[in-house]
Number of protein chains: 2
Amino acid sequence: MSTHTTIPTSTPPPTDDGGFITVPKGLAKVVVTDTALGDVRGDEGFFHYRQYSAVELAEQVGFEQAWHLFERGHLPDDDELSAFTVEVGRLRVMPPELADLLPAICSSTNDSLQVLRTALSAWGGITGLRPLYDCAEEEKAAAALAAVAVTPTILAAAHRLHRGLEPVPADPTLGHAADYLRMVTGRLPSARDARAVEQYLVATMDHGFNASTFTARVIASTGADLAACLVGAIGSFSGPKHGGAPSRALEALDEIGTLDRADVWVRERIGSGERIMGFGHAVYRTRDPRSEMLKAIARRWDDPLVDLAVGVEDAIETALAELKPGRELHANVEFYAGVVMKLAGLDPSMFTPTFCVARVVGWTANVLEQSRDPKIIRPAARYVGPPPPQPVPTGTRTRQAS
Amino acid sequence: MSTHTTIPTSTPPPTDDGGFITVPKGLAKVVVTDTALGDVRGDEGFFHYRQYSAVELAEQVGFEQAWHLFERGHLPDDDELSAFTVEVGRLRVMPPELADLLPAICSSTNDSLQVLRTALSAWGGITGLRPLYDCAEEEKAAAALAAVAVTPTILAAAHRLHRGLEPVPADPTLGHAADYLRMVTGRLPSARDARAVEQYLVATMDHGFNASTFTARVIASTGADLAACLVGAIGSFSGPKHGGAPSRALEALDEIGTLDRADVWVRERIGSGERIMGFGHAVYRTRDPRSEMLKAIARRWDDPLVDLAVGVEDAIETALAELKPGRELHANVEFYAGVVMKLAGLDPSMFTPTFCVARVVGWTANVLEQSRDPKIIRPAARYVGPPPPQPVPTGTRTRQAS
């Protein structure tokens, strides 16, 4: 927490008017902007979307309602919800030009998130997105709605194309979460499966000013188009230090296999200096509120995986409390997210893409908010190399005539 | 310069341990990192790549030499330059899988920069890029070299495909700048044309901590793959508030038509509150050193466009000095860049993409430098909406059973 950008004594002082501001490396706690979208209170184990507890929303409302809250600023009444559901249902249908392009994109990579990155980039052109700088609010909002709506359709199609299966077209009459599951698996999900995934999605739509959200806002601050913002956000999201990987926690459960092996497994890992995936969080010093909710959702299934997960969580927390005292390492969102998604019928390769189906709501809302600020985000760096100007050595001059 | 993030009095104080740092909006002069790659001294009209004046490099060395300086940290000796030129020449050849995909990408948009965004995203999968987090330095450097090398090939192919022409394959035996011009126009450029474009490219490879460079570094800080960083950078670069557009300055010259109309034209524009494209810069309070160099390059042509540009520059500077006293509005890099590129045979639609052929060198060097810093870039935002938690209104609860 006390690692600050330090200026080596050999550095020449800035030669312009100075006034550079030294802040903690990585910009931790440096306030870049104001937001009305939400916040994370790490010490309280609480996060919120606008004025509502995110966990309470996930417990009580559907995907479209929470999405409407981000997009339009308030929870919809019945009429608004009906109209919104019809509108986004239609937008979930993939534009034919993108459907034509998708098989070729899928042949370039087996990673569905990379497919989404490439496909949304192309989608920006296909739908004729204009720079945010040139758009009125209605045009921006329409683009944001369309991008969120088409994301599950792209990801589900990529999943199926990678397996040699035909993509399943969107059904505009279904709810967003249920239709996503249907497009992935090819069959109508049970109410339990659809609602579990929907609750996971609502609980992960946004989470403070994380690196992908910040990336989207930096790009938005240049006035670029929405697709530019989203491909950058997806890029950040794919970083091992950011997105996490719900599949890793499930892999650990697979590896442990039976509850009696959990304690030995975790002590071996910690002894060899490995991180325990699915435990600990950069912001929370409490239990991760998302993890608590997902655990309750997982318990709707009478499945040995749930018993194993609950037992392993206890064993790992106990071992971590003993071996890393005072660190407050608890199960994070990854741990039960993988369990819930697996129980709901999703393949582990789709865990991170599914996270993205939710997070794109937060990204677009953040992009729209940032686009109303005229200021470009353009920080500074401190030059610490050898002092310029050194003359270019004559021996290295180009031999091309000028 | 004194616009700070202000906290409305109605805002609840942060409820965690506090310690947030308030900085100027847009992070102006906030030092995010140390860099050994270069700097801009706006008040001196000077910028440098490592320890060398960038303008001096552009005057004296070729693209491959300056690229080697960024990539390997020093100007190459003869043997290093020969080996480097052979290596990057081979890498300029487009992978066949990407060549197959490109026509479909080009049919999604007429904007070559958007094609590059989508194509580099796909290229990351095609070439099997791994997350920077998992790469040793050699693997990162190889990816960076390949990305810079293939960029002109993608852009030139996009330009030709958009016009119904066959792409011209790379010729690994040519220099990077000359081959780029050849791939765009379909004919071997004259030494004068190739060198002029090469000098423009060397002069625009990097320019401090601009928004696209910062975007690339934020994404790199998550440990994502190089393609993720570059598509984000291209996204920022495409923003109207960032990249600028050398074609706009040329359009102004077209509109003015003859020198005697320049004064009236500029006074009308300023009178109606319009910005004069190609004049003024966020950082420079002097003449833009790149503009000075490009003006000298333009003078190698005996062409009425050069006389018009020089005359119009004088007329606009004189009018701006009178109408906006003390603002120090001089021709920026855009103004003569368009003139030089047009004279060298590039279509205005390729001006910004050509800028990108250069800037990708700076992006990749910045990505590699950032990837050596273990710290993720993750700032904060201040929540300013209605205080949470408000109970979710019962009327809006989901009607789906959970």
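This one's a predicted model, so the numbers in the text were calculated from it and none came from an experiment. (Residues numbered from 1 in each chain as written. Chains lettered and ligands numbered in written order. Predicted model: local features only at pLDDT ≥ 70, side-chain atom pairs only at ≥ 80, totals over all residues. Heavy atoms only, no water.)

Some points on the domain arrangement of chain A
Residues and elements named next belong to chain A.
No. 1: The assigned domain composition of chain A is domain 1 (52–242 + 360–371) and domain 2 (246–343).
No. 2: Each of domain 1 and domain 2 has a C-alpha centre, and these two points are 28 Å apart.
No. 3: Taken together, the two surfaces of domain 1 and domain 2 that pack against each other cover about 1200 Å², and 69% of this comes from carbon and sulfur.
No. 4: Linking domain 1 with domain 2 are zero salt bridges, by the criterion used here. (Domains from an automatic or database assignment. Buried area = accessible area lost by both parts, 1.4 Å probe. Salt bridge = Lys/Arg side-chain N within 4 Å of Asp/Glu carboxyl O.)

Observations concerning unusual backbone geometry
No. 1: Between Pro388(A) and the following residue, Pro389(A), the backbone shows a cis peptide bond with an omega angle of -10°.
No. 2: Of note, Pro389(A) is situated in the segment after strand 6 (380–383).
No. 3: At Glu328(A), a residue that is not glycine, the phi angle is positive and equals roughly 55°.
No. 4: Take Glu328(A): it is sitting in the loop between helix 14 (304–323) and helix 15 (333–343).
No. 5: A residue is classified by how much of its surface remains accessible, and Glu328(A), at 42% relative accessible area, is partly exposed.
No. 6: The backbone phi angle of Lys29(B) is positive, close to 65°, even though this residue is not glycine.
No. 7: Assignment of secondary structure puts Lys29(B) in the loop between strand 1 (21–22) and strand 2 (30–35). (Helix = DSSP H or I, 4+ residues; strand = E, 2+ residues; numbered from the N terminus. Buried < 20%, exposed > 50% of the residue type's maximum accessible area, 1.4 Å probe, protein only.)

A look at the relation of the copies chain B and chain A
No. 1: For the match of chain B to chain A, the screw axis carries a shift of 0.0 Å, the RMSD comes to 0.0 Å, and the turn is 180°. This pairing of chains is accounted for by a two-fold axis. Among all residues of chain B, the minimum C-alpha distance to the rotation axis is found for Gly232(B), at 2.0 Å. (Least-squares fit on C-alpha atoms with pLDDT ≥ 70 in both.)

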